[in-house]
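# Structural description and commentary
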Amino acid sequence: MKKRLFLILWLAGLAGVASFMLVDLVALLELLPVTAGTEMPFSPQVLKLVSLIQPTVILTVTVLIGVMLADKVGLASPAAEAFARGGNVLPALRPQIAPGIIAGLVGGAMIILMWYLARPHLPALFVTRAEHLNTLVPLPTRLLYGGFTEELLLRWGVMTLLVWLPFRVFQKGQGRPRAIWVVSAIFISSIVFGMGHLPIASALGVGLPAPIVAYIIMANSLFGLIAGYLYWKKGLEAAIIAHMFAHVVIATASAIFAG
C-alpha cells in the first residue's frame with residue numbers, strides 16, 4: 001500500500017512541477033534584472049526542463065519521508081490512502097472539503113490584505129516587478145504547484161519529519177506525539193515555507209531590505225500555519241484544497257485590481 005501511496009502522491013506533486021512549463025519564461029527573464037555577462041546560454045525551453053530537475057528530486061525525498069513517517073505520528077493523507085488501498089475516496093475526502101475551502105478563502109483574503117497594508121512600505125520597484133510577476137504565473141501552475149507540490153514538500157515532508165524527530169527522541173516513538181511537537185512543527189515548517197519565497201523576491205533586483213523580508217515571511221508563514229493546522233486536524237487534502245483556493249482568491253483579486 002505504501003508503494004502505491006508514494007506513487008499517487010509523487011505523481012500529483014510531479015504534475016505541479018511539470019506545470020512550470022506553462023510559464024512564459026521569456027517574459028519572466030525579461031522581468032528579472034540580469035547582470036552583464038551572466039546571460040543564460042540555453043534556450044528558454046531547455047532552461048525550463050533543466051529547472052525541473054531540482055524540485056523533482058526534492059519532491060521525491062519529501063514524499064518518501066511522509067509515506068514512511070506520517071502514520072507513525074498520526075498524520076495522514078486520507079483520500080490518497082483510500083485510493084492506494086483501492087477503497088472509496090469520497091468518504092475520506094468529504095470531511096476535508098469544506099474546511100479546506102473556507103480556510104483557503106480566508107487565507108487568500110488575509111494575504112491580499114497584508115499585501116495592501118505592506119505595499120506603501122515596500123520599494124516602488126519591488127512592488128511594480130512583484131505585481132508584474134504575479135501576472136506571469138498561470139492559474140494552473142498556481143493550483144498544481146502551490147496546491148499539490150508545495151503541500152507535499154512542506155506539510156507531508158518537512159512538517160511530518162519535524163513531528164517525528166522529537167517524538168522519536170523524547171517519547172521513544174511511544175504513544176501519540178505530544179501536541180507541543182506538532183505545534184512546533186507547524187510553526188517551523190511555516191517559517192521555512194515563508195523563507196522559501198525569499199529567493200524569487202531577491203531575484204526581482206532590489207535586494208532584501210527588512211520590509212520585504214518581513215512581508216514575505218509573515219504573509220506566507222501565516223498561510224503556512226493555516227495549512228499546517230488543517231493537515232494535523234483534517235488531513236493533507238484539506239491543506240491542498242486550502243492552498244488551491246487561496247491562489248484562486250489571489251488570482252481573482254489580481255485580475256480585478258489590474259483591470
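What comes next concerns the included structure.

Conventions we followed
Residues numbered from 1 in each chain as written. Predicted model: local features only at pLDDT ≥ 70, side-chain atom pairs only at ≥ 80, totals over all residues. Heavy atoms only, no water. Axes fitted to C-alpha atoms, helices over the stretch in contact; angles between N-to-C directions. Helix = DSSP H or I, 4+ residues; strand = E, 2+ residues; numbered from the N terminus. Left-handed = near helix turned anticlockwise from the far one by under 90°. Contact = heavy atoms within 4.5 Å. Expected span 1.5 Å × (residues − 1). Bend = angle between axes of the 7 residues up to and from the residue. Buried < 20%, exposed > 50% of the residue type's maximum accessible area, 1.4 Å probe, protein only. Polar contact = N/O pair within 3.5 Å; in protein donor to acceptor, adjacent residues only side chain to side chain. Salt bridge = Lys/Arg side-chain N within 4 Å of Asp/Glu carboxyl O. Phe/Tyr/Trp six-rings, centres within 6.5 Å; stacked < 30°, edge-to-face > 60°. Lys NZ or Arg CZ within 6 Å of the ring centre and 35° of its normal. Lys, Arg positive; Asp, Glu negative; His and termini not counted. Core = buried A, V, L, I, M, F, W, Y, C linked by side-chain atoms within 4.5 Å.

What follows is about the packing of helix H1 (residues 2-18) against helix H4 (residues 53-69). Taken N-terminus to C-terminus, the directions of H1 and H4 make an angle of 145°; their axes are 9 Å apart at the nearest point. H1 and H4 meet at a crossing whose hand is right-handed. Residue-level inspection shows Lys2, Leu5, Phe6, Leu9, Trp10, Gly13, Leu14 and Val17 of H1 in contact with H4, the latter providing Pro55, Thr56, Leu59, Thr60, Val63, Leu64, Val67 and Met68.

End to end, helix H6 (residues 89-118) covers 41 Å across 30 residues, agreeing with the expected 44 Å (1.5 Å per residue, within 8%). Where H6 bends most, the angle comes to about 35°, and this point is Gln96, followed within four residues by the proline Pro99. Looking at H6, one finds that the buried residues are Ala92, Gln96, Gly100, Ala103, Gly104, Gly107, Gly108, Ile111, Ile112, Met114, Trp115 and Ala118. The backbone nitrogen of Leu90 has a side-chain oxygen 3.1 Å away, supplied by the residue at the start of H6, namely Asn88.

Here Ile217 shows up in helix H11 (residues 210-233). Discounting residues that sit within four places of it in the chain, Ile217 has contacts with Ile191, Gly194, Met195 and Leu198.

Turning our eyes to something else, we now look at the pattern of salt bridges. In the structure shown here, the tally under the stated rule is 3 salt bridges. Between Asp71 and Lys2 there is a salt bridge, and its shortest N-O distance comes to 3.5 Å. With a gap of 69 residues between them, Asp71 in the loop between H4 and helix H5 (78-85) and Lys2 in helix H1 connect regions that are remote in the sequence. One salt bridge in this structure joins Arg119 and Glu131, with 2.9 Å as the shortest N-O distance. Remark: Glu131 occurs in helix H7 (residues 124-136) and Arg119 occurs in the loop between H6 and H7; sequence separation between them is 12 residues. Residue Arg119 is classed as partly exposed on the basis of its relative accessible area of 33%.

Relative to the helices and strands, Glu151 resides in helix H8 (residues 139-170). When near neighbours in sequence (up to four residues on either side) are disregarded, Glu151 contacts Gly146, Trp156, Phe223, Ala227, Leu236, Ala239, Ile240 and His243.

In this section: the packing of aromatic side chains. One pass over the full model with this rule turns up 4 aromatic pairs. With centroids separated by 6.2 Å and ring planes inclined at 85°, the aromatic side chains of Tyr229 and Trp232 adopt a geometry described as edge-to-face. Of this pair, Tyr229 and Trp232 both sit in helix H11, 3 residues apart, which is roughly one turn of the helix. What makes Trp232 partly exposed here is its relative accessible area of 24%. For the cation-ring pair, Arg155 lies above Phe193, with the distance from its terminal atom to the ring centre recorded as 5.1 Å.

The next point concerns the side chain of Arg142. Position of Arg142 relative to the elements: it lies in helix H8. Of the side chains with opposite charge, Glu150 lies nearest to the buried Arg142, which makes no salt bridge, at 10 Å. In this structure the side chain of Arg142 is engaged in a polar contact, spanning 2.3 Å, whose partner is the backbone oxygen of Asn134.

What follows deals with the environment of Leu25. Of note, Leu25 is situated in helix H2 (residues 25-31). Put simply, Leu25 and Val137 are 112 residues apart on the chain and 9.7 Å apart in space, counted from C-alpha to C-alpha.

This paragraph deals with unusual backbone geometry. For Lys172, which is not glycine, the phi torsion reads 55° and is therefore positive. Mapped onto the secondary structure, Lys172 falls in the loop between H8 and helix H9 (179-195).

Ranked by size, the top nonpolar core spans 40 residues in total, and within it Leu9, Trp156 and Tyr231 carry the most contacts. Looking at this core, the elements that each hand over two or more residues are H1, H4, H5, H6, H8, H9, H11 and helix H12 (236-258). For this core, the leading source of residues is H12, giving 10 residues. Dropping the residues within four chain positions of it, Leu9 is found in contact with Val63, Ser77, Ala80, Leu152, Trp156 and Leu236. Leu31, Ala130, Leu204 and Tyr215 belong to the second largest nonpolar core, which has 23 residues in total.

For H11, which comprises 24 residues, the first-to-last C-alpha distance of 34 Å matches the rise-based estimate of 34 Å (1.5 Å per residue) to within 8%. Listed as buried for H11 are Ile212, Tyr215, Ile216, Ala219, Asn220, Ser221, Phe223, Gly224, Ala227, Gly228, Leu230 and Tyr231.

Such coordinate-based values are descriptive only and should not be taken to indicate function.
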